[in-house]
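Commentary on secondary and tertiary structure
Chain residues, written in single-letter form:
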Amino acid sequence: MATNSKRRQVVRSLGAVAAGWATGAWQVAGAQDRSQGELTLSLDFTALGRHTPWYVALGKGYFKQAGLNVKIVPGQGTAQAIQALESGIAQFAFSDVVSLALARARGASSAKFVAMNYQSAPYAVFSLAQGANVTKPEQLNGLEIASGAGSFSPKVIQGFMKQHRLDPGSVKFVNVDGAARVGMLLSKKVPSIENFIFTQVGLEKVLPGGQLSTLLLADHGLELYANGLLVKEDMIKSRPDTVRGFVKAAMQGWRDTMADPQAASEIMANYVPGINREVVVGEIKLLSALAQSADTRKFGMGWIDGGRMQRSVDFIAQNIGIPGAPLSAASLFTTDFLPKGAA
């Protein structure tokens with residue numbers, strides 16, 4: 001069991017990450033003059049364990065082998081990553097289907113997914129085993145969940161409840177600052193919190209074994225694509241070889257990370273000084289479950305299925321709302337640049 005001081009340190013760290021998700025408090029590098037071979041990838045948030053595959057591709061020289069000079073910069077959220085792409089700050093962005101669908105509907109983006117890195121969505125509800133102990137969808141009925149203002153997660157959870165024929169109106173979402181959310185759960189001031197599944201790693205470090213209960217919606221039927229690699233359509237048309245080389249190098253980084261999390265964490269530590277390698281390895285293990293699927297085993301890492309993309313768009317339209325005319329799922333992605341063959 002963690003000491004009190006170590007526990008407070010981890011809770012503060014978890015709170016800082018959660019605050020960054022909720023408020024977009026991360027710094028982003030400004031645009032620079034670039035030659036044709038120099039490219040920037042904008043992450044969705046600050047560099048964390050789940051972003052290790054991109055750094056593995058960089059550290060192992062896969063981008064260099066493709067003739068590309070790549071820089072990775074932190075982001076301020078998934079919507080901001082798309083903005084960085086559209087403004088020219090970045091040529092590639094790591095963002096999610098919800099943000100792209102909304103941006104495309106508003107005419108604010110011409111980007112497409114060229115790889116889908118999260119085959120399953122990371123939305124999760126955490127509670128204490130000696131408290132709400134939420135492990136089944138039906139336990140969401142009447143539950144109080146700490147969330148953040150402006151987050152899409154409550155609508156995703158309510159949409160998930162509809163799919164299970166539960167009462168989405170019965171769940172109570174409480175607006176809690178991201179930095180305070182984890183601490184409030186541990187002090188039992190709230191019965192549950194929502195966050196990405198990666199939060200599980202830090203929570204398990206400060207709780208005795210078996211004291212954390214996790215409900216990952218994707219484990220109970222939520223079929224929703226999440227984060228993937230975005231490129232603007234004009235770059236797809238004007239520089240297809242660059243896009244193809246970038247995607248091939250990146251997917252090799254993802255494969256290597258899944259195959260050897262420990263080695264991957266050491267590479268990550270070279271780029272992000274002070275990062276906790278144990279936490280990185282823990283996040284990679286969770287990431288592996290999100291990134292790999294029957295589709296990736298058959299078609300390769302990053303595969304995008306048109307039917308699943310349409311179901312994702314339909315879920316977003318029905319539960320979050322997409323303004324304007326119905327959005328064509330086919331307009332959001334292309335598989336033309338993915339390496340052929342199984343992962």
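Anyway, here's the lowdown on the structure attached to this text. Predicted model only: the values in this text are computed from it and were never measured. (Residues numbered from 1 in each chain as written. Predicted model: local features only at pLDDT ≥ 70, side-chain atom pairs only at ≥ 80, totals over all residues. Heavy atoms only, no water.)

Time to look at the sheet that holds strand β10 (residues 227–232). Taken in spatial order, the five strands of this open sheet run β2-β1-β3-β10-β4, and their pairing is mixed. Taken across any chain shown, the strands that pair with only one partner, and hence form the sheet edges, are β2 (69–73) and β4 (111–116). With strand direction ignored, the average angle separating the axes of adjacent strands in the sheet is 30°. With four bridges connecting them, strand β3 (residues 92–96) and β10 associate as antiparallel partners. For Ala93, the partnering residue across the bridge sits in β10 and is Leu230. Along the sheet, helix α2 (residues 52–59) contacts β1 (38–42), β2, β3 and β10; its crossing angle with β2, the most-contacted strand, is approximately 155°. Contacts from helix α5 (residues 97–105) reach β3, β4 and β10, with the element oriented near 160° to β4. (Pairing = 2+ DSSP bridges. Helix = DSSP H or I, 4+ residues; strand = E, 2+ residues; numbered from the N terminus. Axes fitted to C-alpha atoms, helices over the stretch in contact; angles between N-to-C directions. Contact = heavy atoms within 4.5 Å.)

With 111 residues, the main nonpolar core has Leu140, Phe246, Trp254 and Met309 as its most contacted residues. Both domains that meet at this core, namely domain 1 (39–120 + 225–331) and domain 2 (123–220), each give it at least three residues. Met309 has contacts with Val97, Phe113, Met116, Tyr225, Ile304, Ala329, Leu332 and Phe333, leaving out every residue within four places of it along the chain. (Core = buried A, V, L, I, M, F, W, Y, C linked by side-chain atoms within 4.5 Å. Buried < 20%, exposed > 50% of the residue type's maximum accessible area, 1.4 Å probe, protein only. Domains from an automatic or database assignment.)

This brings us to the pairing of β10. The buried fraction of β10 amounts to six of the six residues, a majority that puts the element mostly inside the structure. Pairing of β4 with β10, which is carried by five bridges, proceeds in the antiparallel orientation. Directly across from Ala115, in β10, lies its bridge partner Leu229.

In the contact formed by helix α10 (residues 240–259) and helix α12 (residues 277–291), the axes pass within 9 Å of each other and the chain directions differ by 125°. When the interaxial angle is binned, α10 and α12 end up oblique. The element α10 and its partner α12 pack so that their crossing is left-handed. Together, Trp254, Thr257 and Met258 of α10 and Ile284, Leu287, Ser288 and Ala291 of α12 make up the contact between the two elements. In terms of residue class, the contact of α10 with α12 is built from five nonpolar, two polar and no charged. (Parallel < 35°, antiparallel > 145°, perpendicular 65-115°, else oblique. Left-handed = near helix turned anticlockwise from the far one by under 90°. Nonpolar A, V, L, I, M, F, W, Y, C, P; charged D, E, K, R; others polar.)

We now examine the side chain of Ser192. Structurally, Ser192 is set in strand β8 (residues 192–196). A polar side-chain atom of Ser192 sits 2.6 Å from the main-chain carbonyl oxygen of Glu144. Leaving out residues up to four positions away in the same chain, Ser192 has contacts with Val125, Phe126, Ser127, Leu143, Glu144, Ile145, Ala146 and Leu185. (Polar contact = N/O pair within 3.5 Å; in protein donor to acceptor, adjacent residues only side chain to side chain.)

This next bit is on the pattern of salt bridges. Two side chains with opposite charge may pair up if their charged atoms get near one another. Taken as a whole and judged by the stated rule, the model has ten salt bridges. Between Glu283 and Arg50 there is a salt bridge, with its nearest N and O atoms 3.0 Å apart. Here Arg50 lies in the loop between β1 and α2 and Glu283 lies in helix α12, a separation of 233 residues in the sequence. Given the relative accessible area of 6%, Glu283 is considered buried. In this structure Arg50 comes out as buried when scored by relative accessible area, which is 3%. For Arg181, the salt bridge goes to Glu194, with nearest N and O atoms at 3.7 Å. Residue Arg181 is located in helix α7 (residues 178–186), and its partner Glu194 is located in strand β8; the two are separated by 13 residues in the primary sequence. For the pair formed by Arg181 and Glu194, the shared burial category is buried. (Salt bridge = Lys/Arg side-chain N within 4 Å of Asp/Glu carboxyl O.)

Attention now moves to unusual backbone geometry. We note that Asn133 has phi near 50°; this positive angle belongs to a residue other than glycine. Along the chain, Asn133 falls in the loop between β5 (123–128) and β6 (144–147). Note on Asn133: relative accessible area 30%, which makes it partly exposed. Located in the positive-phi region is Lys188, a residue other than glycine, with phi close to 65°. Among the structural elements, Lys188 can be located in the loop between α7 and β8.

Now for the packing of helix α8 (residues 199–206) against α12. Interhelical geometry of α8 versus α12 gives an angle of 130° and a closest axis separation of 8 Å. Looking at the two axes, α8 sits oblique to α12. The two elements α8 and α12 meet at a crossing, and its hand is right-handed. Here Gln200, Val201 and Lys205 of α8 lie close against α12, whose contacting residues are Glu278, Val279, Gly282, Glu283 and Leu286. Looking at the contact of α8 with α12 residue by residue, the classes come out as three nonpolar, two polar and three charged.

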